[in-house]
Amino acid sequence: MRNAWQRVRGGLWPVLQQSVAAALSWWLARQIFDHHTPLFAPMATLVALNTPLGGRGTNAVRVVSGVIAGVIVGALAFRLLGEGIFSVGVAVLCSLVVALVLDGERITMAQAAIGAVISVASGQQAGIDRVEDALFGAGVALVFSQLLFPAHPLALLHRAEADTLRAIGQVLDLTAGSLQKAYDDEGRWTAQLWDALRPVYTSIHDLNRIRDDALAAARRTPHWSRRQAPVRQEAVAAGCLGLLGNSCLTLIRATVGLDARGRHAVAPTVRGLSGALSTLAGGPGSSVSRLDATRRVLGVVHDRPNHLPDPVWASALQVGEDILVAAGADAETAGRAVRDRAADVPLAKPPTLAWSPLKRRRRNRPGSRR
């Protein structure tokens, strides 16, 4: 029930937008198109908006391009081959090939194939009606996604970063707990660790996709198009989390071959790094969270545990360095800090992006309150 409530709470606002947009698309299409029932207009709106925030505008364009490609191919097949099973098969095949040439996305291919089937099975006029509906429905989706309710690019990145950091921190915490236990079967312990790593790879993959969506939203949305610099800066920082995931994997692999004494020695270090990741996940865009995570890392790397081989300690230092970079430290400075056991590390100020550019200007005006 808790997971269900979280899904409802997180998706309620986008669902409300889809519902209003679909109803508006159907009503407006009925007022404009009087020659047919505009069923495909709200469908196109729903398909275009039924994607994570940040990618809805791109989704709308894919819907339209797929429909147009499918209708054109279907009309040609109907004119050359007539109506029949062979014509439908050829139209679908050719429309899918055209969709592969366009971008190869699943939604483009599906819309192209559907448009081809409608054009062959229902006639050329039905295909034209489908194009009109798709253009209108996608237009309504673009108004909602790009003008009325644009996604906040930095918020998208911060949520994805938090999920990735949280997933990496959880697997390190699980590793620390496993290191403190006695296992008779080494294979079972290793299998548990590898199973725990799967969500990390999924989170990193989702983060890379959301990075592209956030950059596209900043570039193509009128509200953000003139303020892309903070988004680009955060997107570069988000890309470093892939390196952090790799360094954590290296550390975990290094602990697998340790004896019981070595495992107990490295467990507090791994748990401390996990705590730093959890702290940073609490607010990737917060200066306070970044500073707290940095202090945790410096505290972990300050004292090297006894009975710990050099390769394992080097892996732990690499994880600490990557966490400092994720917190806003320069890569060279972070590496020097963990090697020299520095007491403090200078951090870059997190990029900010206000909804209203006027608020930002007013905040930076001389004599304004801070």
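Residues numbered from 1 in each chain as written. Predicted model: local features only at pLDDT ≥ 70, side-chain atom pairs only at ≥ 80, totals over all residues. Heavy atoms only, no water.

Topic: the packing of helix H12 (residues 287–302) against helix H13 (residues 310–326)
Across the interface, H12 lies against H13 with an axial gap of 9 Å and an inter-helix angle of 165°. The orientation of H12 relative to H13 falls into the category roughly antiparallel. In this structure, H12 meets H13 at a crossing whose hand is left-handed. Contact residues: H12 offers Arg290, Thr294, Val297, Leu298, Val300 and Val301, while H13 offers Trp313, Leu317, Gly320, Ile323, Leu324 and Ala326. Residue composition of the contact of H12 with H13, by class: nine nonpolar, two polar and one charged. (Axes fitted to C-alpha atoms, helices over the stretch in contact; angles between N-to-C directions. Helix = DSSP H or I, 4+ residues; strand = E, 2+ residues; numbered from the N terminus. Parallel < 35°, antiparallel > 145°, perpendicular 65-115°, else oblique. Left-handed = near helix turned anticlockwise from the far one by under 90°. Contact = heavy atoms within 4.5 Å. Nonpolar A, V, L, I, M, F, W, Y, C, P; charged D, E, K, R; others polar.)

What to know about the side chain of aspartate 213
Here aspartate 213 lies in helix H8 (residues 186–220). On the accessibility criterion, aspartate 213 (16% relative accessible area) is buried. Setting aside chain neighbours within four positions, we find aspartate 213 in contact with Gly54 and Gly55. (Buried < 20%, exposed > 50% of the residue type's maximum accessible area, 1.4 Å probe, protein only.)

Digging into the packing of helix H11 (residues 260–281) against H13
Closest axis-to-axis distance for the H11/H13 pair is 11 Å, and the angle between their directions is 10°. Considering their axes alone, H11 and H13 lie roughly parallel with respect to each other. Of the residues in H13, those touching H11 at Val266, Thr269, Leu273, Ala276, Leu277 and Leu280 are Val312, Trp313, Ala316, Val319, Gly320, Ile323 and Ala326.

Re H12
Taking 1.5 Å per residue, 16 residues should reach 22 Å; H12 reaches 22 Å between its end C-alpha atoms and fits that length. As for H12, its buried residues are in contact with helix H9 (229–239), H11, H13 and helix H14 (331–340). Sitting at the amino-terminal end of H12 is serine 286, which places a side-chain oxygen 3.3 Å from the backbone nitrogen of valine 288. (Expected span 1.5 Å × (residues − 1). Polar contact = N/O pair within 3.5 Å; in protein donor to acceptor, adjacent residues only side chain to side chain.)

A closer look at the state of the cysteines
For the structure on display, the rule yields zero disulfides. Free of any disulfide, cysteine 240 has its nearest cysteine sulfur in cysteine 248, 14 Å distant. (Disulfide = S-S within 2.5 Å.)

A few points about the confidence of the model for the protein
Chain-level pLDDT for the protein is 85 on average; 92% of the residues reach the 70-or-more range. Ranking the helices and strands of the protein by mean pLDDT puts helix H4 (residues 85–102) first, with 93, and helix H15 (residues 357–364) last, with 50. A low-confidence stretch, residues 359–364 (pLDDT under 50), is modelled with three contacts involving residues beyond four sequence positions or located in other chains. Between residues 366–370, whose pLDDT stays under 50, and residues either more than four places distant or in other chains, the model counts two contacts. (pLDDT = per-residue confidence, 0-100.)

Some remarks on the environment of tryptophan 355
Summarising the element assignment, tryptophan 355 is placed in the loop between H14 and H15. A C-alpha to C-alpha distance of 24 Å links tryptophan 355 and alanine 326, two positions 29 residues apart in sequence. Apart from the residues lying within four places of it in its own chain, the contact partners of tryptophan 355 are Pro150, Ala151, His152, His223, Trp224 and Arg227.

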